[in-house]
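# Topology and contacts: notes
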Amino acid sequence: MSGALAGTGQLVRFILRRDRVRMSVWAASMTAFIAYFSVALSTVFDAPALAARAQVMRTPAGIVMGGPGYGVDHYTPMVAVANEGTLWMVGALSLMAILHMVRHSRAEEESGRAELVRAGAIGRLAPAAAALTTLALHLAVITALCALATFAAADERSLPDALALTGGSALVALVFGAVALVTGQLAATGRGALGLSLAALGLAIAVRAAGDMIRLEGSALSWFSPIAWAQQMRAYVDLRWWPILLAPALGLVLVLAADALAARRDLGQGLLAARPGPARAPQGLRGPLALAWRQQRGVLAWCAVGMGLMWFATGTLMSMLEDMAADLVAGNAALGALFGTDPTGMSSAFLGVMMLFIALCAAVYGIVAAQGGPRGEESAGTLELTLAGPVGRGRWLGAQLVLALGGSLGLLALSIAALWLGTVAVGLQEPSLADHLGVLATQAPATLVFGALAAALYGWAPRWAGLSWLLVAATFVTGMFGVLLDLPEWALGISPFHWVAAPYTEDPAAGGALAMAAVVVVLLVLALLGFRRRAVVTGS
């Protein structure tokens, strides 16, 4: 084993240096998320509001989007954080773990770098061991930071519960990192390994949701999902450590399985052979637009399914909102400032807040597709080959951006339609379909600004394309807390949504939407001009 692991330490240092920025961003983002969630539930929601949340968490939609519903009889702020936030922490950390493992295992083989590394004094198991080691170290740092943030931000200060909340989520994420290591042996490409890993994560989420809906606080079916192991630790209610012991046990089994599979395949190949394509490309695959559609259609389809189900479930909760509106805003100045003090208008105000989340979800897809896809093609060297043929730079990037912004717009429209269908399913007729269409017309240009900004940054300076995420963060903060914090007008104006009519509460106006559309056009023109002027850079 010492020979098989030779060079692991060197690879660990290399991965930490290579991914230091990416790891820092993930750690800061997760710490900010748990700190915000703890502070918000501790300060904004009083006892009646938390009791109302507990009633929502008893509904099927609340269980699917949150947790198994433990502690709902005495729903304190930190019980709410643990019950509702664990699923989202596990999901985010598991996604991070999957991306990390695929990036440093199958993707390295696919690019040919793994073969160069293995040509040195590097053992057979060293690359996988280094990837797992760095993932474990990263998750340990995130666990410590999130636990300290939770301990400092919450009124219920219990360090063991804080560690259980964050550490349990991290251990489950490590399991899905091991899943990605297994799928990296099966699939012949990084994209295939990523798809199989995300399918396993989606299956775990579905099994957990189905099991928890059978019985409050979870049923036997729930335990077949690793996500339930973190939730069943019951932090801040009835802390118990033994459920999470299943995570390292399963992780060890998966690592051993990955090692056994790796010994039975050639480097650069997968046990599941890639399906050969046709000898001649079909008529519909003879241009950059068709190629971009083929590259993005899978991710777009899964995003559509996930967002459609999530926002439909959110719409079904609207039937309970009006009954709880008076109790929620009475005596709670923060909620009154956020949703208004008139219970009859609270439904529209709540939908307006949901619209912020819908638009940001669609905007995130636009950012990822507008910079992630093109930059991946460029760093892998495939873009250089494409441009060597009869394909111009503007035509290629234009096709990528059409699909990126078109997908963002499609997800926005689908999410609004799903939200409307959810309200109709529970017998609500207001807001009407016409109201939802008006919101779509005003919010669409502002939503596209995010993807267009990412495209402009990619066109001129790919290394700075990640700055578009700062606009997402600023928009979320100003949209959620601008009124509560009494932010100045210039700070509110950072958000593109500040310049269009407020959804469901103001009459749609064309002026702001047209201005945002003009901004989108200018940014896209800048993206095309910058991409035509700069050199194509190959390499990660």
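Starting afresh in each chain, residues are numbered from 1 along the sequence in its written order. Totals for whole chains, interfaces and linings use every residue, but because this is a predicted model, local features are given only for residues with pLDDT of at least 70 and side-chain atom pairs only at 80 or more, for both listing and counting. The basis for every side-chain value is the complete set of non-hydrogen atoms in the structure, without hydrogens or water.

## A word on the side chain of S197
Threshold: We count a stretch as a helix when DSSP gives it H or I for four or more residues in a row; a strand needs E for two or more, and each element gets its number in order from the N terminus. The criterion used for residue contact is that any of the two residues' heavy atoms lie within 4.5 Å.
Secondary-structure assignment places S197 in helix α10 (residues 190-214). Those residues in contact with S197, other than ones at most four positions away along the chain, are I98, V179, A180 and T183.

## Points about a nonpolar patch on the surface
Quick reminder of the rule: Nonpolar side chains (Val, Leu, Ile, Met, Phe, Trp, Tyr) within 5 Å and like charges within 9 Å form the patches, drawn only from residues with over 30% relative accessible area and no salt bridge. Every accessible area reported is derived by Shrake-Rupley at a probe size of 1.4 Å, with residue values counting cover from the shown protein chains alone. Salt bridges, as used here, are contacts in which a Lys or Arg side-chain nitrogen is within 4 Å of a carboxyl oxygen on Asp or Glu.
A surface patch of nonpolar side chains, about 530 Å² in accessible area, is lined by W460, V521, V522, V525, L526 and L529. The greatest single-element share of the nonpolar patch, amounting to five residues, is contributed by helix α22 (residues 510-533).

## Some remarks on helix α9 (residues 159-186)
Convention followed: Here the expected span of a helix is defined as 1.5 Å times the quantity of residues minus one. Any residue under 20% of the maximum accessible area for its type is buried, any over 50% is exposed, and the rest in between are partly exposed; the area is computed with a 1.4 Å probe on protein chains only.
Taking 1.5 Å per residue as the helical rise, α9 with its 28 residues ought to reach 40 Å, and the 41 Å between its terminal C-alpha atoms agrees with that figure. Counting buried positions over the 28 residues of α9 gives 22, a clear majority of the element.

## Things to note about unusual backbone geometry
Phi at R234 is positive, roughly 55°, even though this residue is not glycine. By the element assignment, R234 lies in the loop between α11 (226-231) and α12 (246-262). With a phi close to 65°, Y236 is a non-glycine residue in the positive phi region. Mapping Y236 onto the fold places it in the loop between α11 and α12.

## A look at the packing of helix α19 (residues 433-460) against α22
So the rule is basically this: Each axis is a line fitted through C-alpha atoms, and for a helix only the stretch in contact is used; angles between axes span 0 to 180 degrees, taken between their N-to-C directions. The scheme is simple: roughly parallel for angles under 35 degrees, roughly antiparallel for over 145, roughly perpendicular for 65 to 115, oblique for anything else. For any helix crossing, the convention is left-handed if the near helix is rotated counterclockwise from the far helix by under a right angle, and right-handed if that rotation is clockwise. Amino acids outside the nonpolar list (Ala, Val, Leu, Ile, Met, Phe, Trp, Tyr, Cys, Pro) and the charged list (Asp, Glu, Lys, Arg) are all regarded as polar, and Gly is one of them.
In contact at an axis separation of 8 Å, α19 and α22 are set at 15° when each is read in the N-to-C sense. Considered as vectors, α19 and α22 are oriented roughly parallel to each other. Relative to α22, α19 is oriented so that their crossing is left-handed. In terms of residue class, the contact of α19 with α22 is made up of 22 nonpolar, three polar and one charged.

## Here's the deal with the pattern of salt bridges
Using the criterion set out here, one finds seven salt bridges in the structure. In this structure, E108 engages R18 in a salt bridge whose closest nitrogen and oxygen atoms are separated by 3.4 Å. Linking E108 in helix α6 (residues 106-111) with R18 in helix α1 (residues 8-18), this pair joins segments that are 90 residues apart in sequence. Judged by relative accessible area, which is 11%, E108 ranks as buried. For the salt bridge of R106 with E109, the shortest nitrogen-to-oxygen distance reads 3.5 Å. You can see R106 and its partner E109 sitting in helix α6, three residues apart, about one turn around the helix. Of the two residues examined, R106 and E109, each falls in the buried class.

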